[in-house]
Number of protein chains: 2
Amino acid sequence: MSEVKQKAQLAKQASVVLASLSTEQKNEALLKMADHLVHRQQDIIAANQEDLLRGEENGLSRSLLDRLSLNETRIAAMADGLRQVAELQDPVGDELEQFDRPNGLFIKKIRVPIGVVGMIYEARPNVTVDAAGLCLKTGNAVVLRGGSSALHSNQKIVEVLHEALETSAIPKDALQVIEDPNRASVDEMLKLNGLLDVVIPRGGAGLIQTVVNNATVPVIETGAGICHTYIDEEAQADMASSIAFNAKVQRPSVCNAMETLLVHEQFAAQHLATFAEKLKQAQVVVKGDEKAKALVPWMEDAVEEDWCTEYNDYVLSVKVVSSLEEAISHIQTYGTMHSECIVTENADNAAKFMQQIDAAAVYHNASTRFTDGFEFGFGAEIGISTQKLHARGPMGLPALTSTKYCVYGDGQIKE
Amino acid sequence: MSEVKQKAQLAKQASVVLASLSTEQKNEALLKMADHLVHRQQDIIAANQEDLLRGEENGLSRSLLDRLSLNETRIAAMADGLRQVAELQDPVGDELEQFDRPNGLFIKKIRVPIGVVGMIYEARPNVTVDAAGLCLKTGNAVVLRGGSSALHSNQKIVEVLHEALETSAIPKDALQVIEDPNRASVDEMLKLNGLLDVVIPRGGAGLIQTVVNNATVPVIETGAGICHTYIDEEAQADMASSIAFNAKVQRPSVCNAMETLLVHEQFAAQHLATFAEKLKQAQVVVKGDEKAKALVPWMEDAVEEDWCTEYNDYVLSVKVVSSLEEAISHIQTYGTMHSECIVTENADNAAKFMQQIDAAAVYHNASTRFTDGFEFGFGAEIGISTQKLHARGPMGLPALTSTKYCVYGDGQIKE
């Protein structure tokens, strides 16, 4: 039997035990995991060194090596993350609905774990700990398949977490790491219907597309964000500039950063030149459509492809529009429906935008950078869903649960 | 451009308009659809005759021809179905959560339509009307791909519904029927990411497997039910017999009917012979394991394959177990986690079963036949989900919605 199938079977068996544990038992295990990570940090750092050495040999970029790298501070942060998850409310067992039927049946809808979660991700080893903590807290077994460049780190982390689980009520088989670095192991996971209940990809657009295109297991798609900020005719100039600047520059590499700025022509005539200058000074490459370039000639040309591009970088495309409707239509055409913002003092325009833009998060007068589980107050985040089924937007613990109906009768039969 | 892509694009455009309509506008359209179906019933019946004639030529079975067949009574029932959907509460716009953040952001989570729903189904033309009504009520455009044997009926029904929509606020493009009878049109729908937001298959196991195995669009899996009834040592004999008989015999062809009966050996010793006789008289083929046959020698042999089979027929497999744990373990191994029942007067055993069996619906002392949207009081049903994501069990109107976060600020930027 393949490694993937064998480990998924063990995870599934363990998930049955895990699903019946109390919140206290799960929290105790998380705290032990946290302590043991710190206790064994030197071994984890040593394993990480092997990955870093091999990464350098293989010519990984500096930014990738940085993401891969672990030190005492980062391990402490991972451990703290587990302790924070332990403090969050456990959604499992929550009664979501209850109702009586005329025939005397009493029906309750309660939250239950999903079962076995498959995580497929790239270099960062902290995802290993994050995902383990979030899945175990919600009573799910988890099969982790991290990037091959972090293999030694992930193996050691899971070895350490297993040691902690052995002193807890959670069966250690509930946490599995796939060690086969070949692409075939990912493909196999994607088709493990009956053993995996969901696959969650975390990483770049390529990884996510691979998962969506090949999975027969249900997927929660995360990630791609071509986010817009629309500055309306009636925007307050300082606020608009501050929000748009923040959305682009505060951290351009993330999915909730702005990629395209839409500016009403009245506002643009007065303020675009100043704002573009501010971006330029922050090292942002600014590309404009014809109308934008008529106001700010030094902009590069924005072409069709720019409207469809998630730069994830210090690059911005700018389009000047004649109306709110044109802005909405542009977003409906090119947006990935992740996070979209209108800056305006006009309540009607704001209401129209909030109603007609069908994105995971729609903002009035605030930066799109707030779309994440911590900023929304969920205390944790397994990812940001960009699909419309199951979960949409930042996913906290309830996104890792399913439901079941418990039906209580006293002999009812169907007529 | 292909028919499928063209119609899906029209549906997507229409979905934007549809999403902004009021409940009253949608209900008015549903009532017009109902009236017009009845008004044009002779044309629908004539089109249906063509399908029936072709079906007879192609040697369709009597039961398939019966499912395909439309008459005034059935059309009246379809129209009544639409009127009932019009009376249901519209979930779109419901505020599910709202919270303030310390930085002053105010966040609301509201229900929105999913967008464009693809329905892939088999012969019964009433699904065309049902699905149209449920999707439009929840603000979703819908692309219907019914079985080729019902093509003329479905074309005519949609033509009639389009006439009704033309006098309503719902754009008629929100309702599309695929006329290409080739399998390729199904395959194309399954990969229409970006145009279809979800695909829901309704039909036999083969259809559902095809959809699950080939779709890159998110799927809500419906259907397969290998349902068990477990009669505990401490069951009340009359109730147990009545519930198990109902679960098997009342309508064996449906997914919530019982396929395997598990009986505790103490109960079996006293009552299995009598109950098996009752089944035999109802024309049920009864298959037993060794222990069951030791008590009732005339039973056929139940083999491994029987535990994995959804008969959907007057056939039952029976296994005698030594304990509640053995029953639970059997269900965990062979069940499809659709509907599972325990009959017992022992509260501890009931609680253990309800907790450990992770099915869409778990019953204590009631027939599994109640797992459907009408019996649960949802007033309608788009299907019964057997997956754990998005919706599980009977799906009422809320299962056809997604959510979005509306975030209100006064200039907040991320630090």
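- As recorded by an unreviewed UniProt entry, chain A carries the name Gamma-glutamyl phosphate reductase and is attributed to Marinicrinis sediminis.
- Per UniProt, chain A carries the Catalytic activity (unreviewed entry) text "L-glutamate 5-semialdehyde + phosphate + NADP(+) = L-glutamyl 5-phosphate + NADPH + H(+)".
- According to its UniProt record, chain A has this under Pathway (unreviewed entry): "Amino-acid biosynthesis; L-proline biosynthesis; L-glutamate 5-semialdehyde from L-glutamate: step 2/2."

## Things to note about the overall build of chain A
Part 1 of the reasoning: When you go through chain A residue by residue, the secondary structure sums to 15 helices and 16 strands.
Part 2 of the reasoning: In terms of overall dimensions, chain A is globule-like: its C-alpha atoms have a radius of gyration of 24 Å, near the 22 Å expected for 415 residues.
Part 3 of the reasoning: Judged by the C-alpha coordinates and their principal axes, chain A covers about 70 × 70 × 35 Å.
Part 4 of the reasoning: A buried classification covers 59% of the 415 residues belonging to chain A.
Part 5 of the reasoning: Once local pairs closer than 6 in sequence are excluded, the contacts in chain A between residues at least 24 apart make up 71%.
Part 6 of the reasoning: Carbon and sulfur atoms make up 47% of the accessible area of chain A, which amounts to about 15,900 Å² in all.
Part 7 of the reasoning: Distance between charge centres in chain A, computed from 37 positive and 57 negative side chains, equals 4 Å.

## A closer look at the interface of chain A and chain B
Part 1 of the reasoning: With 68 residues of chain A at the interface, the matching set in chain B holds 68 residues.
Part 2 of the reasoning: Carbon and sulfur atoms supply 54% of the area that chain A and chain B bury against each other, a total of about 5,500 Å² over both sides.
Part 3 of the reasoning: Area buried by chain A at its contact with chain B is led by Leu389(A), Tyr405(A) and Lys414(A), which between them contribute 15% of it.
Part 4 of the reasoning: Glu375(B) serves as the salt-bridge partner of Lys414(A), at 3.5 Å between the closest nitrogen and oxygen.
Part 5 of the reasoning: Connecting chain A to chain B are 38 residue pairs in polar contact (both at pLDDT 80 or more).
Part 6 of the reasoning: Secondary structure elements with two or more residues in the side of chain A that touches chain B: α1 (3–19), β2 (106–113), α9 (205–214), α10 (237–249), α15 (347–356), β13 (361–366) and β16 (401–412) of chain A.

## A closer look at the side chain of Arg369(B)
Part 1 of the reasoning: Positionally, Arg369(B) belongs in the loop between β13 (361–366) and β14 (383–385).
Part 2 of the reasoning: Only 2.6 Å separates the side chain of Arg369(B) from the side chain of Gln250(B), close enough to count as a polar contact.
Part 3 of the reasoning: Other than its neighbours up to four places away in sequence, Arg369(B) contacts Lys414(A), Asn246(B), Ala247(B), Gln250(B), Arg251(B), Val254(B), Asn256(B) and Ala257(B).

## Things to note about the packing of aromatic side chains
Part 1 of the reasoning: For the structure shown, the criterion picks out 10 aromatic pairs over all chains.
Part 2 of the reasoning: Arranged with centres 5.0 Å apart and planes meeting at 85°, the rings of Phe376(A) and Tyr405(B) form a pair that is edge-to-face. In this pair, Phe376(A) sits in the loop between β13 and β14 (383–385) while Tyr405(B) sits in strand β16 (residues 401–412), so the two residues belong to two different chains.
Part 3 of the reasoning: Exposure remark for Tyr405(B): the relative accessible area of 3% places this residue in the buried category.
Part 4 of the reasoning: For the pair Phe376(B) and Phe378(B), a centre-to-centre distance of 5.9 Å together with 80° between the ring planes defines the contact as edge-to-face.
Part 5 of the reasoning: Overall, the relative accessible area of 2% leaves Phe376(B) in the buried class.
Part 6 of the reasoning: Taken together, the ring pairs in this structure connect Phe99(A), Tyr405(A), Phe376(B) and Phe378(B) into an aromatic cluster.
Part 7 of the reasoning: The cationic tip of Lys280(A) hangs over the ring face of Trp298(A); the distance from NZ or CZ to the ring centre is 4.3 Å.
Part 8 of the reasoning: Sitting over the ring of Phe245(B), Lys278(B) keeps its end group 4.6 Å from the ring centre.

## Focus: the domain arrangement of chain A
Interfaces are often sized by the amount of accessible area the parts lose when they come together.
Residues and elements named next belong to chain A.
Part 1 of the reasoning: Domains assigned within chain A are domain 1 (3–223 + 386–408) and domain 2 (227–370).
Part 2 of the reasoning: Summarising the inter-unit geometry, the C-alpha centres of domain 1 and domain 2 are found 35 Å apart.
Part 3 of the reasoning: Contact with domain 1, which involves five residues of that partner, is made by six residues of domain 2.
Part 4 of the reasoning: For the domain 1 and domain 2 pair, buried surface summed over both sides reaches about 500 Å², with 44% attributable to carbon and sulfur atoms.
Part 5 of the reasoning: If you sort the residues of domain 1 by the area they bury against domain 2, Gly223, Thr386 and Arg392 come out on top, with a joint share of 73%.
Part 6 of the reasoning: One can count two salt bridges joining domain 1 with domain 2.
Part 7 of the reasoning: A salt bridge links Asp358 to Arg392; the nearest nitrogen and oxygen atoms lie 3.0 Å apart.
Part 8 of the reasoning: Split by residue class, the side of domain 1 that touches domain 2 holds no nonpolar, three polar and two charged.

## Details of the state of the cysteines
Part 1 of the reasoning: Summed over the entire model, instances satisfying the criterion amount to zero disulfides over all chains.
Part 2 of the reasoning: The closest cysteine sulfur to the non-disulfide-bonded Cys308(A) is located on Cys227(A), 14 Å from its own sulfur.
Part 3 of the reasoning: Here Cys227(B) stays unpaired: no disulfide links it, and the sulfur of Cys255(B), its closest cysteine neighbor, is 6.9 Å away.

## Re the sheet that holds β13(B)
Part 1 of the reasoning: Strands sit in the order β1(A)-β2(A)-β16(A)-β13(B)-β12(B)-β7(B)-β8(B)-β11(B)-β9(B)-β10(B) across an open sheet of 10 strands; the sheet is mixed. Only two strands of the sheet have a single neighbouring strand rather than two, namely β1 (95–100) of chain A together with β10 (300–301) of chain B.
Part 2 of the reasoning: Of the pairings in the sheet, the one linking strand β7 (residues 227–231) of chain B to strand β12 (residues 339–343) of chain B comprises four bridges and is parallel in character. Across the sheet, the residue bridging to His228(B) is Glu340(B), located in β12(B).

## What about the sheet that holds strand β4 (residues 141–145) of chain A?
Residues and elements named next belong to chain A.
Part 1 of the reasoning: Strand order in the open sheet formed by four strands is β5-β4-β3-β6, and the pairing between neighbours is parallel. The outermost strands of the open sheet, each flanked by one partner alone, are β5 (175–177) and β6 (198–202). Neighbour-to-neighbour, the strand axes of the sheet open up by a mean angle of 20°, direction not taken into account.
Part 2 of the reasoning: As defined by bridge partners, β4 adjoins β5 across three bridges and the pair is classed as parallel. When the bridges of β5 are listed, Val142 appears paired with Leu175.
Part 3 of the reasoning: Of the strands in this sheet, β3 (116–121), β4 and β5 are in contact with helix α6 (residues 126–137), which crosses β3 at around 165°.

## Looking at helix α2 (residues 23–39) of chain B
Residue and element names in this part refer to chain B.
Part 1 of the reasoning: The terminal C-alpha atoms of α2, which comprises 17 residues, lie 24 Å apart, in line with the 24 Å expected from a rise of 1.5 Å per residue.
Part 2 of the reasoning: Turning to α2, its buried residues number three or more, namely Lys26, Asn27, Ala29, Leu30, Met33, Ala34, His36 and Leu37.
Part 3 of the reasoning: Of the surrounding secondary structure, the elements contacted by the buried residues of α2 are α1 (3–19), α3 (41–57), α5 (72–87), α6 (126–137) and α7 (151–165).

## A few points about the relation of the copies chain A and chain B
Part 1 of the reasoning: With an RMSD of 0.0 Å, the operation that places chain A on chain B is a rotation of 180° combined with a shift of 0.0 Å along the axis. Between the two chains, the operation in question is that of a two-fold axis. Relative to the rotation axis, the C-alpha of His390(A) is the closest in chain A, positioned 1.8 Å from it.
Part 2 of the reasoning: Most of the interface of chain A is mirrored in chain B: 100% of its interface residues are interface residues there too.

## Description of unusual backbone geometry
Part 1 of the reasoning: A positive phi is found at Met337(A), a non-glycine position, where the angle reads about 60°.
Part 2 of the reasoning: Looking at the element boundaries, Met337(A) is found in the loop between α14 (324–334) and β12 (339–343).
Part 3 of the reasoning: Met337(A) sits in the buried class, given a relative accessible area of 17%.
Part 4 of the reasoning: Of note, the phi angle at Gln283(B) is positive, near 70°, even though the residue is not glycine.
Part 5 of the reasoning: Along the chain, the position of Gln283(B) falls in the loop between α11 (265–281) and β9 (285–288).
Part 6 of the reasoning: Assessed through its relative accessible area of 62%, Gln283(B) is described here as exposed.

Conventions and cut-offs
Residues numbered from 1 in each chain as written. Chains lettered and ligands numbered in written order. Predicted model: local features only at pLDDT ≥ 70, side-chain atom pairs only at ≥ 80, totals over all residues. Heavy atoms only, no water. UniProt positions renumbered as here; feature names shortened; annotations may be inferred. Helix = DSSP H or I, 4+ residues; strand = E, 2+ residues; numbered from the N terminus. Rg over C-alpha atoms; globule rule 2.2 N^0.38 Å. Buried < 20%, exposed > 50% of the residue type's maximum accessible area, 1.4 Å probe, protein only. Contact = heavy atoms within 4.5 Å. Areas by Shrake-Rupley, 256 points an atom, 1.4 Å probe, with all protein chains shown as cover. Lys, Arg positive; Asp, Glu negative; His and termini not counted. Charge placed at Lys NZ, Arg CZ, Asp CG, Glu CD. Buried area = accessible area lost by both parts, 1.4 Å probe. Salt bridge = Lys/Arg side-chain N within 4 Å of Asp/Glu carboxyl O. Polar contact = N/O pair within 3.5 Å; in protein donor to acceptor, adjacent residues only side chain to side chain. Phe/Tyr/Trp six-rings, centres within 6.5 Å; stacked < 30°, edge-to-face > 60°. Lys NZ or Arg CZ within 6 Å of the ring centre and 35° of its normal. Domains from an automatic or database assignment. Nonpolar A, V, L, I, M, F, W, Y, C, P; charged D, E, K, R; others polar. Disulfide = S-S within 2.5 Å. Pairing = 2+ DSSP bridges. Axes fitted to C-alpha atoms, helices over the stretch in contact; angles between N-to-C directions. Expected span 1.5 Å × (residues − 1). Least-squares fit on C-alpha atoms with pLDDT ≥ 70 in both.

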